[in-house]
Amino acid sequence: MRLRRLETYGFKSFADRMSFDFEDGITAIIGPNGCGKSNVVDSIKWVIGEQSAKALRGAEMTDVIFNGCATRRGMPFAEVTLVLDQLSAGMVIDTPEVAITRRLTRDGLSSYFINGKACRLKDIKDLLMGTGMGTSAYAVIEQGRVGFILESNTKDRRMVLEEAAGISRYRARRRIAARKLERVEIDLQRIAEVLAEVRRRARQVRKQAQDAIRFRDLTARAKELRLAFAMEEHGRLSAELAQLDSQLQQLTADEAAASAESARLEALVAEEDARLAPSEDLIRERERARADAQSARDVARAQTDECDAQLTELDRTEAEDRTALATVAERIAALDRQ
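Note that the structure is a prediction, hence the values are computed from the model and not measured. (Residues numbered from 1 in each chain as written. Predicted model: local features only at pLDDT ≥ 70, side-chain atom pairs only at ≥ 80, totals over all residues. Heavy atoms only, no water.)

Visitor: Describe a positive patch on the surface, naming the residues involved and giving the relevant values.
Guide: Taken together, the side chains of Arg-174, Arg-175, Arg-179, Lys-180 and Arg-183 make up a positively charged region of the molecular surface. Inspection of the secondary structure puts Arg-175 in helix H5 (residues 167-337). Under the relative-accessibility criterion, Arg-175 is labelled partly exposed at 43%. (Patch = residues over 30% accessible without salt bridge, like charges linked within 9 Å, V, L, I, M, F, W, Y side chains within 5 Å. Areas by Shrake-Rupley, 256 points an atom, 1.4 Å probe, with all protein chains shown as cover. Salt bridge = Lys/Arg side-chain N within 4 Å of Asp/Glu carboxyl O. Lys, Arg positive; Asp, Glu negative; His and termini not counted. Charge placed at Lys NZ, Arg CZ, Asp CG, Glu CD. Helix = DSSP H or I, 4+ residues; strand = E, 2+ residues; numbered from the N terminus. Buried < 20%, exposed > 50% of the residue type's maximum accessible area, 1.4 Å probe, protein only.)

Visitor: Can you lay out the packing of aromatic side chains for me, pointing to particular residues and giving the numbers?
Guide: Applying the stated criterion across every chain yields a total of 3 aromatic pairs. With a centroid separation of 5.4 Å and an interplanar angle of 40°, the aromatic rings of Phe-11 and Trp-46 are classed as tilted. On the criterion of sequence distance, the pair formed by Phe-11 in the loop between strand S1 (2-9) and strand S2 (18-21) and Trp-46 in helix H1 (residues 37-47) is long-range, its members being 35 residues apart. Seen from their ring centres, Phe-14 and Phe-20 are 5.6 Å apart, and the 75° between their planes marks the pair as edge-to-face. By the burial criterion, Phe-14 is buried, and Phe-20 matches it. Here the basic side chain of Arg-17 rests over the ring of Tyr-9, its NZ or CZ set 4.5 Å away from the ring centre. One Lys or Arg, Arg-103, reaches over the ring of Phe-77 and ends 5.9 Å from the middle of that ring. (Phe/Tyr/Trp six-rings, centres within 6.5 Å; stacked < 30°, edge-to-face > 60°. Lys NZ or Arg CZ within 6 Å of the ring centre and 35° of its normal.)

Visitor: How would you sum up the pattern of salt bridges? Please name residues and give values.
Guide: If you walk through the whole model with that rule in mind, you get 24 salt bridges. A salt bridge links Arg-216 to Asp-217; its shortest N-O distance comes to 3.9 Å. When its relative accessible area of 54% is taken as the criterion, Arg-216 is described as exposed. Looking at Asp-217, the relative accessible area reads 43%, which means it is partly exposed. The partner of Glu-272 in a salt bridge is Arg-275, with the nearest N and O atoms 3.2 Å apart. One end of the pair, Glu-272, and the other, Arg-275, are both in helix H5, 3 residues apart, so they sit about a helical turn from each other.

Encoded structure:
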């Protein structure tokens with residue numbers, strides 16, 4: 001695999017769209033301090049998936065977007081495309097070249113593309129795994145990285161050698177397979193628990209099915225018994241209905257005879273009412289006379305009561321006068337004695 005072209009747009013100091021072509025042999029980028037040589041290395045690291053803003057010499061990831069200067073304003077996003085060719089046979093790419101693109105907007109939304117199709121960061125890492133193009137691999141060595149590699153411990157150095165030998169791809173696949181096996185074991189445990197629960201429920205359902213079959217048989221037996229009882233009850237009620245029909249006919253005849261007798265008695269009552277009409281007039285006249293007499297009696301009784309009250313008052317007045325007369329007589333006698 002070989003690096004063919006690097007395209008940047010809005011990345012750090014590269015405000016305009018820039019294209020770096022890497023021909024066969026050695027390509028060197030030279031220039032004074034601060035002209036952006038290190039930004040080329042940062043763009044390569046950034047497009048292949050670097051997630052540390054500190055590793056890109058920034059405080060946060062949006063610092064890689066061109067912020068503007070005195071002569072032009074900042075860019076809304078940063079985009080870097082890395083073109084590779086001479087792909088290895090292990091890569092699942094059906095084109096002679098592969099273009100890896102990363103785009104970052106100011107709201108922090110990062111997008112990845114392979115040959116113009118949206119993808120995940122994991123897809124890019126899987127594509128570059130074992131090629132030395134990873135973020136922590138040996139293909140991209142920035143300033144100060146050589147001393148770090150030389151002074152690193154055996155574990156870190158072994159990681160670099162495994163990446164160069166192409167072992168890291170299979171080690172990563174082994175880790176992924178181990179995690180999948182762990183998830184499968186967990187799923188098997190869950191399936192065993194679910195299976196135990198299903199078996200327990202199957203026993204319950206089997207018992208419920210037996211109860212349902214017994215209930216069905218008992219229901220059928222109860223239906224037969226209800227049918228037999230209904231037939232017997234129908235016969236009994238039919239006999240009672242016939243008997244009640246005969247009684248109804250007899251009662252109908254009795255009702256007709258009673259109606260005739262009632263009509264005859266009503267006629268007699270009408271005759272007696274006609275005969276009693278004069279007597280009722282006489283009774284009403286005598287009732288009025290009795291009422292008048294009672295009224296006169298009540299008036300006389302009231303007058304009598306009033307006279308009795310007057311007599312009582314006169315008797316009291318007479319007694320008082322007699323007492324006063326006796327008093328006067330005594331005074332006269334006293335005066336006579338004087």
